[in-house]
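Read off the chains here:
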Amino acid sequence: MYIGKDVPHDSALGHVTGRSLYVDDMPRLAHELIVDFLWSPHAHATILSLDVEPARAIEGVAGVYTYRDLRHNRLGPIDQDEPLLVEDTVMFRGQPIVVIAAESREAIRAAKAAIRIEYGVLRPILTIEDAIAANSYLGESRFIRRGDVDAAFASADHVIEGIFENGGQDHFYLESQAALATPGELGALTVLSSTQHPTEVQEVIAHLLGLDMSQVVVQTKRMGGGFGGKEAQATHPAVMVALVAQKLGRPARIVYDKDSDMHVTGKRHPFRNRYRAGFTRAGELVALRVELYSDGGAYADLSPAVMARAMTHAENAYFIPNVDIRGTVCRTNMPPNTAFRGFGGPQGVATIENVLEEIAQFLGKDAYDIRRANCYGDEPRNTTPYCQVVENNTLPRLFTELADRCDYRARMKAVRAFNAESKTQLKGLALTAVKFGISFNTKFLNQASALVNIYLDGSVQVSTGATEMGQGVNTKIRQLVADTLGVQLERVQVMVTSTEKSNNASATAASSAADLNGSAAVDACSRLRARLDEVLERHGGNPSWEELVMLAYHDRVSLGERGFYATPRIDWTWLSSANTGGYGHPFLYFTMGTACSEVLIDRFTGTMKVLRSDVLMDIGRPINPGVDRGQLVGGFIQGMGWVTTEELRYTESGELLSHSPTTYKIPNVHDVPEVFNVDWIEHENPVNVAGSKAVGEPPLLMAISVWCAAKHALSFVANGTPARLRLPATNEELLMRITEYTKRGAAVAG
Ligand code: MTE
Ligand code: LUZ
Ligand code: MOS
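The structure presented is a predicted model; accordingly, all values stated were derived computationally and were not measured.

A. Spatial organisation of the site of ligand 1. As a structural note, the neighbourhood of ligand 1 is formed by 19 residues, with Gly226, Phe227, Met469, Ala513 and Gln631 the closest of them. Within the backbone of glycine 226, one N or O atom sits 2.7 Å away from an oxygen atom of ligand 1. Within the side chain of arginine 341, an N or O atom sits 3.3 Å from a nitrogen atom of ligand 1. A total of 520 Å² of accessible area belongs to ligand 1 in isolation, and the protein chains cover 91% of it. Split by residue class, the shell around ligand 1 holds seven nonpolar, 10 polar and two charged.

B. Structural context of helix 3 (residues 105–114). Here helix 3 has its buried residues at Ala107, Ile108, Ala111 and Ala114. Summarising the axial view, the buried residues of helix 3 lie within an arc of 130°, below the 170-degree limit, and thus occupy one face. Residues of helix 3 that are exposed and point over 90 degrees away from its buried face: Glu106, Arg109 and Ala113. The elements touched by buried residues of helix 3 are strand 1 (33–39), strand 2 (45–51), helix 2 (53–56), strand 3 (61–65), strand 7 (96–102) and strand 8 (116–121).

C. How the structure looks around the domain arrangement of the protein. What the domain assignment lists for the protein is domain 1 (12–123 + 171–264), domain 2 (271–441 + 579–749) and domain 3 (447–566). The interface of domain 1 with domain 2 comprises 26 residues on the first partner and 29 residues on the second. Both sides of the domain 1 and domain 2 interface together cover about 2400 Å² of buried area, and 62% of this is carbon and sulfur. On the domain 1 side of the interface with domain 2, the three residues burying the most area are Met91, Phe172 and Met262, jointly 22% of the side's total. Where domain 1 touches domain 2, the interface holds one salt bridge. Linking glutamate 655 and arginine 93 is a salt bridge whose minimum nitrogen-to-oxygen distance equals 3.8 Å. Taken together, domain 1 and domain 2 are joined by eight residue pairs in polar contact (both at pLDDT 80 or more). Elements with a contribution of two residues or more to the side of domain 1 that touches domain 2: strand 5 (82–83) and helix 8 (258–264). At five residues, the largest contribution of residues to the side of domain 1 that touches domain 2 is made by helix 8.

D. Geometry of the site of ligand 2. All residues adjacent to ligand 2 are Glu231, Leu302, Ala305, Arg309, Phe343, Ser439, Phe440, Asn441, Thr442, Leu445, Ala509 and Ala510. Within the side chain of arginine 309, one N or O atom sits 2.8 Å away from an oxygen atom of ligand 2. Take threonine 442: an N or O atom from its side chain is 3.4 Å from a nitrogen atom of ligand 2. In isolation ligand 2 has 290 Å² of accessible area, and contact with the protein removes 96% of it. A molecule is said to occupy a pocket when more than half its atoms come within 2 Å of that pocket's grid points, and by this definition ligand 2 occupies the second largest pocket. Residues belonging to the shell around ligand 2 are distributed by class as follows: seven nonpolar, three polar and two charged.

E. Layout of the packing of helix 15 (residues 513–539) against helix 16 (residues 545–554). At a minimum axis distance of 10 Å, the contact between helix 15 and helix 16 shows a crossing angle of 90°. In this view, helix 15 runs roughly perpendicular relative to helix 16, as classed from their interaxial angle. Where helix 15 abuts helix 16, its residues Arg529, Leu532, Val535, Leu536 and His539 lie against Trp545, Leu548, Leu551 and Ala552. In terms of residue class, the contact of helix 15 with helix 16 is built from seven nonpolar, one polar and one charged.

F. The packing of aromatic side chains, seen in detail. Applying the stated criterion across every chain yields a total of 13 aromatic pairs. An angle of 85° between the planes, with centres 5.9 Å apart, marks the rings of tyrosine 386 and tryptophan 572 as edge-to-face. Highlighted residues: tyrosine 386 in the loop between helix 11 (367–374) and helix 12 (395–405) and tryptophan 572 in strand 24 (residues 571–574), separated in sequence by 186 residues. Each of the two residues, tyrosine 386 as well as tryptophan 572, counts as buried. Note that lysine 258 overlies the ring of phenylalanine 172, its terminal NZ or CZ placed 4.3 Å from the centroid. One cation-aromatic arrangement involves lysine 435 over phenylalanine 590; the distance from NZ or CZ to the ring centre is 4.6 Å.

G. Region of interest: the pairing of strand 18 (residues 425–438). Of all 14 residues that make up strand 18, 13 are buried, and the element is covered over most of its length. When strand 18 meets strand 26 (residues 589–602), the two strands line up antiparallel, connected through 14 bridges. Paired with leucine 426 across the strands is isoleucine 601, a residue of strand 26.

H. Local environment of the nonpolar core. Core analysis: the biggest nonpolar cluster contains 141 residues, and Tyr408, Ile454, Val481, Leu485, Ile601 and Phe636 have the highest contact counts within it. In terms of residues, this core owes the most to one element, helix 15, which gives 10 residues. Counting only domains with at least three residues in this core, you end up with domain 2 (271–441 + 579–749) and domain 3 (447–566). With sequence-adjacent residues up to four places away left out, leucine 485 is seen in contact with Val452, Ile454, Val460, Cys525, Leu528, Arg529 and Trp545. The next biggest cluster of nonpolar side chains, apart from the first, holds 36 residues, and it includes Leu75, Leu189, Val201 and Val204.

I. Here's a closer look at unusual backbone geometry. The omega angle of the peptide bond from glutamate 379 to proline 380 is 0°, so this bond is cis rather than trans. With respect to the helices, strands and loops of the structure, proline 380 is situated in the loop between helix 11 and helix 12. Between leucine 727 and the following residue, proline 728, the backbone shows a cis peptide bond with an omega angle of 10°. Relative to the helices and strands, proline 728 resides in the loop between helix 19 (704–715) and helix 20 (731–749). The backbone of serine 439 shows a phi angle near 140°, a positive value even though the residue is not glycine. With respect to the helices, strands and loops of the structure, serine 439 is situated in the loop between strand 18 and strand 19 (447–454). Exposure remark for serine 439: the relative accessible area of 3% places this residue in the buried category. In this model, asparagine 504 sits at a positive phi of 55°, which is unusual for a non-glycine residue. Along the polypeptide, asparagine 504 turns up in the loop between strand 22 (497–498) and helix 15.

J. Geometry of the sheet that holds strand 6 (residues 89–90). Overall, antiparallel pairing links the three strands, which are arranged 6-2-8 in an open sheet. Strands with a single pairing partner mark the edges of an open sheet, and in this sheet they are strand 6 and strand 8. Relative to strand 8, strand 2 runs antiparallel, the two sharing six bridges. Of the residues in strand 8, the one forming a bridge with threonine 46 is glycine 120.

K. How the structure looks around the packing of helix 10 (residues 345–363) against helix 11. Where helix 10 contacts helix 11, the axes come no closer than 8 Å and their chain directions differ by 125°. Regarding the angle of helix 10 to helix 11, the classification is oblique. In this structure, the crossing between helix 10 and helix 11 has a hand that is right-handed. The segment helix 10 lies against helix 11, with Glu353, Leu356, Glu357, Ile359, Ala360 and Leu363 engaging Ala367, Ile370, Arg371 and Asn374. Of the residues belonging to the contact of helix 10 with helix 11, the class tally is six nonpolar, one polar and three charged.

Scoring rules and cut-offs
Residues numbered from 1 in each chain as written. Chains lettered and ligands numbered in written order. Predicted model: local features only at pLDDT ≥ 70, side-chain atom pairs only at ≥ 80, totals over all residues. Heavy atoms only, no water. Near = heavy atom within 4 Å. Polar contact = N/O pair within 3.5 Å; in protein donor to acceptor, adjacent residues only side chain to side chain. Areas by Shrake-Rupley, 256 points an atom, 1.4 Å probe, with all protein chains shown as cover. Nonpolar A, V, L, I, M, F, W, Y, C, P; charged D, E, K, R; others polar. Buried < 20%, exposed > 50% of the residue type's maximum accessible area, 1.4 Å probe, protein only. Helix = DSSP H or I, 4+ residues; strand = E, 2+ residues; numbered from the N terminus. Arc of directions from axis to C-beta. Contact = heavy atoms within 4.5 Å. Domains from an automatic or database assignment. Buried area = accessible area lost by both parts, 1.4 Å probe. Salt bridge = Lys/Arg side-chain N within 4 Å of Asp/Glu carboxyl O. 1 Å grid on protein atoms, 1.4 Å probe; cavity = no way out; pocket = protein on both sides within 12 Å on 5 of 7 lines; lining within 4 Å. Sits in = over half its atoms within 2 Å of the grid points. Axes fitted to C-alpha atoms, helices over the stretch in contact; angles between N-to-C directions. Parallel < 35°, antiparallel > 145°, perpendicular 65-115°, else oblique. Phe/Tyr/Trp six-rings, centres within 6.5 Å; stacked < 30°, edge-to-face > 60°. Lys NZ or Arg CZ within 6 Å of the ring centre and 35° of its normal. Pairing = 2+ DSSP bridges. Core = buried A, V, L, I, M, F, W, Y, C linked by side-chain atoms within 4.5 Å. Left-handed = near helix turned anticlockwise from the far one by under 90°.

Take a look at the structure:
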């Protein structure tokens, strides 16, 4: 049996020896062209005139294309509202206008310089506040409502309110967006794409180039990281190379350089949320009103689905009887913001964790006790605001066990003593929770297929729609296939993801690739195994796997099978009645966790260090504990980046200033907590393949404990009022808050 074992990641050897192949590593093909594009330097402008002729005349330039060269010019994963190439109005800085194909980089550079564009610069909308002032939205507001919030506020002992802002985040995958297109016969195209969503790339290429989907094959061997950034936005580079291959009948490749990638692609959605919370003297929440506003950027992309996830995570791990959640996506002149690990979940969860931290500070109570008291429990304290019952709830256990394990009480006492003593430093400690819904919140996306072929020598190939981006989905599928068939792991190959073998696949996203594709593979393997068992019964004896396969072949029994899986039980609707709003059972189950972090802040520089983090999760029974540990550790550190150092800075005209590793600070090895304990509880998940749970995104949200610890530290200088803090809590942000509170304290004292 391989399930539950630390089988090495199937790319491990390739990664450490540098032999793993990415799009840019594929050997250069005969007659291959380099592709690049000219993008708008303005966030909002009309194109007064465009002259590409001088570029066409440059030696080494093979093709120059505008939107007029496309059959259709609209794409987008939900609403097809985004032009691939600008027609008459630029809507964001970085928006592609002209595609260039050339023999050399020099020719590309010369072509870019030769293109003449006159812009009529317009006033851009660059922030959520500007968008609200201008009534600029993408779609209508949506609601999730339960109970009577106003009555509950009126009878609550206390009410607090405020605005909570959290910033965007760049995906910072190590492999930039990339694609390679090769023309085939009679208009057919094969495209290698660094994408989480080969089917969408196939569909968009077919639509924009006027082909049938059956004429386009998209393949993905692996990505050097995706993190959501290649769920919807890998389409753009892929269509560009497909267009060149179609027009010129030559292979064409594009690989964004890092700076361009950061300039032109969308990021995690920044949010600006208004909250109002009513609670009892004891700290029990009775009412919550949250108005969530996200910056969707210039086009819809995945913003409505991201907002839906933010809304279904705005109560997080806590039972709140009266709730009024409103979600509104703002339309700005920023690159369309998109999926990013957590998919709105982090933005919703951080908002309520902030509220709980403030309630504790307001009441002068320990925040752990407040959280523990409000945590989902038994009936009737187990229904979410959208009416899904929280089943197999391990949250109370996770709270208690982690507090014990990390010695929370004693350390809280020590932190208080330290802060009373130290004139130069501040410490903070926070223990937060996460309840993350697993399933795409778009019902029809929760399906997958798998193709399993057994060959004459007994070796096995499995193909699914899942794409490998480092998260280990291929390794898990390999383990599931080997165990279900009863064959040695070494005999099972997971094949390149291809639309030719797995049609109409969903994106590898929502943490559910192993759940969906693994279940489909098990479905196929169970049927193959049943047929082999019949062969075994007919022939008797004790044949080896290889002999059994041969017996089946000679008996003319099919040795190939296609499996399918559609997630059961889930259902979800946006009721049109504004009184109820989102309603149903959107998630098959929840992945849960708690995390406790302790930080040390220099009072004079704002410099923050994470001294210790303890993470305890319920991730079911892992298919591969080593791979899952990697997800927990990596996700947490990526989340730490979001809540501490990763700050996107723009000029007043919307130019991104932090567009490279020199100005955009992701965590490195020195930022890892000095003490870092990561673990999970024994708890089988009865509703998912092999008793496992999805782990891809949830650990990122565990890092919200670091931000809450910083907020806790600030409370020691905030003189009894809840300390306000932006997210990310950069050193600058911390220093400004400390300075503000210390001054205010001095003024009060004076
Ligand atoms: N892990 C690595 N190493 N690289 C990635 O790009 N993406 C994350 C997560 N873990 C990512 C990762 C995101 S955003 C998702 S949705 C899941 O992996 C997707 O894979 P899964 O469904 O197989 O968990
Ligand atoms: N919903 C979701 C989605 O919960 N997660 C996703 O990644 C996603 N992607 C597309 C559409 N809905
Ligand atoms: Mo992950 S944000 O669902 O690709």
